Amino acid sequence: MRPLIPSLVALGAIALVPTAPEPEPLRGFTAQSSALERSWEAKFRAIPNPQRMRESMRRLSARPHHVGSPYGKQNAEWIRDQYASYGWDARIETFDVLFPTPVERLVEMVAPTRYRAVLQEPTVPADPTSSQHAEQLPTYNAYSVDGDVTGPLVFVNYGVPADYEELERRGISVKGAIVIAKYGGSWRGIKPKVAAEHGAIGCLIYSDPADDGYGNGDVFPKGPMRPPQGVQRGSVADMPTYPGDPLTPGVGATKDAKRLAVSAAPTLTKIPVLPISYGDAQPLLAALTGPVVPSSWRGGLPITYRFGPGASRVHLKVKFDFGLKTLYDVIARLPGTTEADQWVIRGNHHDAWVNGAEDPISGQVAELEEARALGELYKQGWRPKRTIIYASWDGEEPGLLGSTEWVEAHADSLVAHAVAYLNTDSNGRGYLGIDGSHSLESFANGVEKDITDPESNVSSWKRNQAGLVVGGNADARAGGDLRIGALGSGSDYTPFLQHLGIASMNLGFGGEDNGGIYHSIYDDFYWYTHFSDTSFVYGRALAQAVGTTVMRLANADVLPFVFTNLAATTHRYIDELQKLRDARAKAIDEERQRATDSVYAIVRDPRDPVGAPRLQTSPPRFDFAPLLDAQDSLAAAAKQFEKAYSSWQNGQGAATQDGSQAAERAAPNLVDVNRRLMRAERVLMLRDGLKNRPWFKHSLYAPGFYTGYGVKTMPGIREAIEQGEWRSVNGEIARVAEALNAETALLKEAAALLQAR
Ligand SMILES: [Zn+2]
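Predicted, not measured: the structure shown is a model, and the values here were computed from it.

Asks: Describe the sheet that holds strand β16 (residues 504-511), and please don't skip the residues or the numbers.
Replies: Read from one edge of the open sheet, seven strands run β1-β11-β13-β12-β14-β16-β15, paired in mixed fashion. If you trace the sheet from one side to the other, it starts and ends with β1 (89-98) and β15 (430-436), each paired once. The average angle at which neighbouring strand axes cross in this sheet is 20°, direction not considered. For strand β11 (residues 324-334) and strand β13 (residues 386-393), the ladder comprises five bridges, and the chain directions are antiparallel. Pairing of L334 across the sheet is with I388, part of β13.

Dropping the structure here:
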């Protein structure tokens, strides 16, 4: 295949003999330091090698490597040795965490007919690792409680709160019933949580073929989609309350840590849960009687979807070994020089549910290639100013265990030293997705512009822009910074960003690969090399993108945060919240009017009666003034900082022309400036954290209490409005305003320090 990037030698030559006019300096660099940075980056981006990534994936996904497995430990040791061979100081740090594994699993329909669920993913002859049954974790949901329950079955669609409102309007109760929910629509842990809140005694979750099975393409091994007996494993711990080891909230799960009793762990489910395949779900769903579900609830099975309950009764039994298992986090360091006590941290997990070629090895192999390339540069004389820490986490799959325990164990030093955290997880083909702290939005745009998309040969930024335009967002044509998304949860950035307030980014390519092997035995080397980034050119692009990000953060003279983007984002969030209040008021008033007019009674079909929705009280007007004022001040301070930054950059330009003496006199103390900038995400934290889940402290970003992975921005305010807790809204507004005011004060200090004297 034709190489897509010029050879190392050619790039070296370009750097030494510049023929084109110098581009604008990189954010945070002077004209001089920017030119040097660009030449090292060009050398860096030439090193990551797709063939090596392929071989690393083959090695790391050769056997099942879940938490506590022999191969998981071997992988950690192999990864450590790789980092060490690249010249890094690498070691393994261990934690001991609760990780339940199944002892007994049973799902059977006992009436009106009998059916016993298979609960086993079969070997696919073409796929060599699919036969490793002795080492595979059975299909189950981690952190379900033990249980042995029998009851009527009720279909609850995706099992989110709105689905239960629909059931209530039809007079269908799940009290004393076992519910069956489709995967999707929320993070899986929300389903048993909401089911238990409504009185259910058990929960089954299945993958409907309309979502990731034959409704979307050929099933494995002919195509990439989920086969009939494929099952999605996964955690159902209440992660929106706190992630990490359920027994050691807030502290590292070290040997001598104080542990809760398993029975007292608040993040375990309240009812037993088990995931099943659509092959096993079909007979259960086909036996349901009662009214036909609305079209939005129907899936892709060749049956009539009904709510139940009816004569069908299901028996669910699960029993787990609730023992502690050891986590093996690999932590590798490349020492900094002048700013060694400022840390740039980058991570990807290495544990999987089974063989996990896509999740997480596709990201892990990119991380290893970055580490190898940075090690190469180091040997050639490149030195990062700041210390670089590369982490390969264990225990992400059960609940961000390895990252959370490490963050909790080292919280004080991370608060003092961390500049930013960069995360990757699964990688595929398509668009470079970056979500994260909006103070890094402009910086992220800069990185995207320097990465070449392997399929279109334009920059990843250009391809993202084109994708937005085609998707109907004509504003993207203007050429300003493209927006990055906010982070909810679902990977290892959560403890860094939302517990400690370390500015974070999550990067990955995607949007073109369709697949139905998530958390099944078929997420393996065979599947990945047939259906995803088969030539690993996107693996290389990911290594180039993240490595470039790391290098820029590690060597910038002024840390590349741009707060005008943050201010614009907070403006948008406040606007959304005001509109949300008005929309809720309008909808609630409309329902009250309908009740007054008895319209539901008039339109009721006596053969398929649907009742009126439950009425809610109308929201009062909230006092957004403190937040609006705080936002105004933040916008002004962000502009002031940009002005100071420009004056610093111009001063640098003038200084290099006028000679070194002038430069020395004009130079601000950048160490003091950067110390302020490092704290810019920290001061956005709420002192007491979010209501009912104080582990989550960020005032702007949190996973939704009822969505799981999905982000809620300005979560304290937003969830109070969404959940109708009108009396707490003004208090939540005041808390976010206080956080924005702290940010404003910090930016003013940083601007004053940076302003050329
Ligand atoms: Zn993952």
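Asks: Before we move on, could you go through the pairing of β11 and cite the residues and values that matter?
Replies: Burial within β11 is extensive, with eight of its eleven residues counted as buried. Both β1 and β11 contribute to a ladder of ten bridges, which runs antiparallel. Within β11, the position partnered with A90 by the bridge is A332.

Asks: So what about the pattern of salt bridges? Which residues, and what values?
Replies: Counted according to the given criterion, the structure contains 43 salt bridges. Two residues, E455 and R429, come together in a salt bridge whose shortest N-O distance is 2.8 Å. Linking E455 in the loop between α13 (441-449) and α14 (460-470) with R429 in the loop between β14 (418-423) and β15, this pair joins segments that are 26 residues apart in sequence. Judged by its relative accessible area of 36%, E455 is partly exposed. For R429, a relative accessible area of 25% gives the class partly exposed. Among the charged side chains, a network of salt bridges with common partners joins R429, D453, E455, R463, E512 and D513.

Asks: So what's going on with the sheet that holds strand β10 (residues 313-321)? Which residues, and what values?
Replies: With respect to topology, seven strands assemble into an open sheet ordered β3-β2-β10-β5-β6-β7-β9, the strand pairing being mixed. Unpaired on one side and paired on the other, β3 (115-116) and β9 (273-276) mark the two borders of the sheet. With nine bridges joining them, strand β2 (residues 101-111) and β10 adopt antiparallel strand pairing. Looking across to β10, one finds that V107 is bridged to L316.

Asks: Describe the side chain of E642, and please don't skip the residues or the numbers.
Replies: By secondary structure assignment, the location of E642 is in helix α20 (residues 625-658). Among all residues touching E642, those that are not within four sequence positions of it are R27, V562 and T564.

Asks: Describe the packing of helix α11 (residues 401-409) against helix α15 (residues 493-500), listing the residues and the values that go with them.
Replies: Where α11 meets α15, the axes come as close as 8 Å, and the angle between the chain directions of the two elements is 40°. Classed by the angle they form, the pair α11 and α15 counts as oblique. Residues S403, T404, W406, V407 and E408 of α11 lie in contact with α15, whose contacting residues are P495, F496, H499 and L500. Residues of the contact of α11 with α15, tallied by class, amount to five nonpolar, three polar and one charged.

Asks: Tell me what's going on with the confidence of the model for the chain, and back it up with residues and numbers.
Replies: Low pLDDT means the predicted atomic positions in that stretch should not be read closely. The pLDDT averaged across the chain works out to 95; a share of 95% of its residues lies at or above 70. The secondary structure element of the chain with the lowest average pLDDT is helix α1 (residues 8-16), at 39, and the one with the highest is β13, at 99.

Asks: Break down the coordination of the zinc ion for me, with residues and values.
Replies: For the zinc ion, the full set of protein donor atoms is H349 (NE2), D359 (OD), D425 (OD) and D425 (OD), at a range of 2.0 to 2.6 Å. Coordination at the zinc ion is irregular: its four donor atoms span angles of 54 to 146° at the metal. The sequence pattern formed by the donor residues of the zinc ion is H-x9-D-x65-D. One end of the pair, H349, is in strand β12 (residues 339-349); the other, D359, is in helix α9 (residues 357-379), with ten residues separating them in the sequence. For D359, a relative accessible area of 7% translates into the label buried.

Asks: Describe the packing of aromatic side chains, listing the residues and the values that go with them.
Replies: The tally for this structure, following the rule as stated, stands at 28 aromatic pairs. Both rings, one in Y140 and one in F320, keep their centres 6.0 Å apart while their planes meet at 40°; by these two values the pair is tilted. Of this pair, Y140 sits in the loop between β3 and β4 (141-142) while F320 sits in strand β10, and the two are 180 residues apart along the sequence. Both residues of the pair, Y140 and F320, count as buried. Consider the rings of Y214 and Y278, whose centres lie 5.6 Å apart with planes at 85°: the pair is edge-to-face. Of this pair, Y214 sits in the loop between α7 (209-212) and β8 (234-235) while Y278 sits in helix α8 (residues 278-286), and the two are 64 residues apart along the sequence. Looking at Y214, the relative accessible area reads 38%, which means it is partly exposed.

Asks: Got a sec to walk through the packing of α13 against helix α17 (residues 537-555)? Specific residues and values, please.
Replies: Each pair of packed helices can be summarised by the angle the axes make with each other and by the distance between the axes. Packing of α13 against α17 brings their axes to within 10 Å, and their N-to-C directions diverge by 125°. The angle between α13 and α17 places the two elements in the oblique class. As for the relative orientation of α13 and α17, their crossing is right-handed in sense. Mapping the contact onto sequence places F443, G446 and V447 in α13 and A545, T548, T549, R552 and L553 in α17. Looking at the contact of α13 with α17 residue by residue, the classes come out as four nonpolar, three polar and one charged.

About the thresholds
Residues numbered from 1 in each chain as written. Predicted model: local features only at pLDDT ≥ 70, side-chain atom pairs only at ≥ 80, totals over all residues. Heavy atoms only, no water. Pairing = 2+ DSSP bridges. Helix = DSSP H or I, 4+ residues; strand = E, 2+ residues; numbered from the N terminus. Axes fitted to C-alpha atoms, helices over the stretch in contact; angles between N-to-C directions. Buried < 20%, exposed > 50% of the residue type's maximum accessible area, 1.4 Å probe, protein only. Salt bridge = Lys/Arg side-chain N within 4 Å of Asp/Glu carboxyl O. Contact = heavy atoms within 4.5 Å. Parallel < 35°, antiparallel > 145°, perpendicular 65-115°, else oblique. Nonpolar A, V, L, I, M, F, W, Y, C, P; charged D, E, K, R; others polar. pLDDT = per-residue confidence, 0-100. Donors = N, O, S within 2.8 Å, 3.2 Å for Na, K, Ca; no water. Tetrahedral: all angles 85-135°; square planar, octahedral: opposite > 155°, others 65-115°. Phe/Tyr/Trp six-rings, centres within 6.5 Å; stacked < 30°, edge-to-face > 60°. Left-handed = near helix turned anticlockwise from the far one by under 90°.

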